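As a plain string of letters, each chain reads:
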Amino acid sequence: MKQIITGFHAIEEKVRSACESGKIEGLSLSYSKIGPRVKKILDVAHTAGIPCAQVEGKTLDLLVQNLPEALRDHRGIVLSNENAGEPHSNEVNFDAWIAGAALSEEPATVLVLDEITDPYNVGAILRSCDQFGVSLAVMPQRNSVGNVSENEIIARSSAGASSYVPYSVVKNLNRAIQKIKDAGFWIYGADAGGESVQNLSFPAKTCIIMGSEGSGISRLLEEQCDSIVSIPTCGKIDSLNVSVATGVLLYERYRQNLN
């Protein structure tokens, strides 16, 4: 399956990821003019050995014509991936990862996304995961965004972080949470009315569950939580966007780890 990626951040991070891993087969860059940002990307691509071709702007327009409207603004450069259907380098086997985490004494943060289906939200969440050192993001096979590695909206809204953040897709979130708990993690569900994050000290092994904006955390997952955590606010609307709330909680977890 061919994947088309637009956006300076998403392209640059995908190219850097390919350069570091050496997995460049199927990647190619097309560009219409060389500006400072395009030149920076091309320099990394040339170092990695990724083919680059200068084309007319209308050729780029044809490459992006089937993308969602928000992604058609190519700004003069497009990355094509002919091997998008192959396993993504940062998608990890959940059971293997948990088995390793159970034996490790190192701090770890697992983020579980419960039926968050908006790719813009997932992209923004993955960007926060990258910035605040999340060890693993877990999402369900059903009622989710699908294949993270093939979703152009996620790649762009995450500013390329979707190429780096380790993630797993599982068939049964409830069973996955139980395995996370058995590996020594404390489980925190994010919801209004819980314990203020200001009063909470996250343990070394922490798992945070974020629910969908419509219905929140499912009942079965909430029953598995050791505690419900909330973010104190002062606004006139009833809640934060899920990606913003995730960023706040992950920052607090990261801040506590620094101390």
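See the structure shown above.
One structure accompanies this document, and this report is about it. (Residues numbered from 1 in each chain as written. Predicted model: local features only at pLDDT ≥ 70, side-chain atom pairs only at ≥ 80, totals over all residues. Heavy atoms only, no water.)

In the contact formed by helix H4 (residues 94-103) and helix H7 (residues 173-182), the axes pass within 9 Å of each other and the chain directions differ by 20°. One finds that H4 runs roughly parallel with respect to H7. Both H4 and H7 take part in a crossing whose hand is right-handed. Here Phe 94, Asp 95 and Ile 98 of H4 lie close against H7, whose contacting residues are Ala 176, Lys 179 and Ile 180. Its residues assigned to classes, the contact of H4 with H7 comprises four nonpolar, no polar and two charged. (Axes fitted to C-alpha atoms, helices over the stretch in contact; angles between N-to-C directions. Helix = DSSP H or I, 4+ residues; strand = E, 2+ residues; numbered from the N terminus. Parallel < 35°, antiparallel > 145°, perpendicular 65-115°, else oblique. Left-handed = near helix turned anticlockwise from the far one by under 90°. Contact = heavy atoms within 4.5 Å. Nonpolar A, V, L, I, M, F, W, Y, C, P; charged D, E, K, R; others polar.)

Time to look at the pairing of strand E5 (residues 108-114). Summarising burial for E5: seven of the seven residues are buried, a large majority. In terms of strand pairing, E5 meets strand E9 (residues 205-211) through seven bridges, oriented parallel. The partner of Leu 111 across the bridge, within E9, is Ile 208. Two elements, E5 and strand E6 (residues 136-140), share three bridges in a ladder whose sense is parallel. What sits directly across from Val 110, in E6, is Leu 136. Taken together, E5, helix H5 (residues 119-131) and E6 constitute a β-α-β crossover, and its handedness is right-handed. (Buried < 20%, exposed > 50% of the residue type's maximum accessible area, 1.4 Å probe, protein only. Pairing = 2+ DSSP bridges. Right-handed = clockwise from strand over helix to strand, strands pointing away.)

A few words on the sheet that holds E9. Taken together, six strands build an open sheet; the order of strands is E7-E6-E5-E9-E8-E10 and the sheet is parallel. Each edge of the open sheet carries a strand with a single partner, namely strand E7 (167-170) and strand E10 (227-230). Averaged over all neighbouring strand pairs, the angle between strand axes comes to 30°, with direction disregarded. Along the sheet face, H7 touches E5, E6, E7, strand E8 (186-196) and E9 and points at about 165° away from the line of E5.

With that settled, consider a nonpolar patch on the surface. Together, Leu 240, Val 244 and Val 248 line one region of the surface with nonpolar side chains, adding up to about 200 Å² of accessible area. Among the secondary structure elements, Val 248 is positioned in helix H9 (residues 242-258). (Patch = residues over 30% accessible without salt bridge, like charges linked within 9 Å, V, L, I, M, F, W, Y side chains within 5 Å. Areas by Shrake-Rupley, 256 points an atom, 1.4 Å probe, with all protein chains shown as cover. Salt bridge = Lys/Arg side-chain N within 4 Å of Asp/Glu carboxyl O.)

What follows covers the packing of H5 against H9. Packed helices, taken two at a time, are described by the angle between their axes plus the distance between the axes. Two elements in contact, H5 and H9, have axes separated by 9 Å at closest approach and are oriented at 10°. The angle between the axes of H5 and H9 places the two elements in the roughly parallel class. Residues Asn 121, Ala 124, Ile 125, Ser 128 and Cys 129 of H5 form the contact with H9, whose participating residues are Val 242, Ser 243, Thr 246, Gly 247 and Leu 250. Its residues placed into classes, the contact of H5 with H9 shows five nonpolar, five polar and no charged.

These figures come from the coordinates and say nothing about function on their own.
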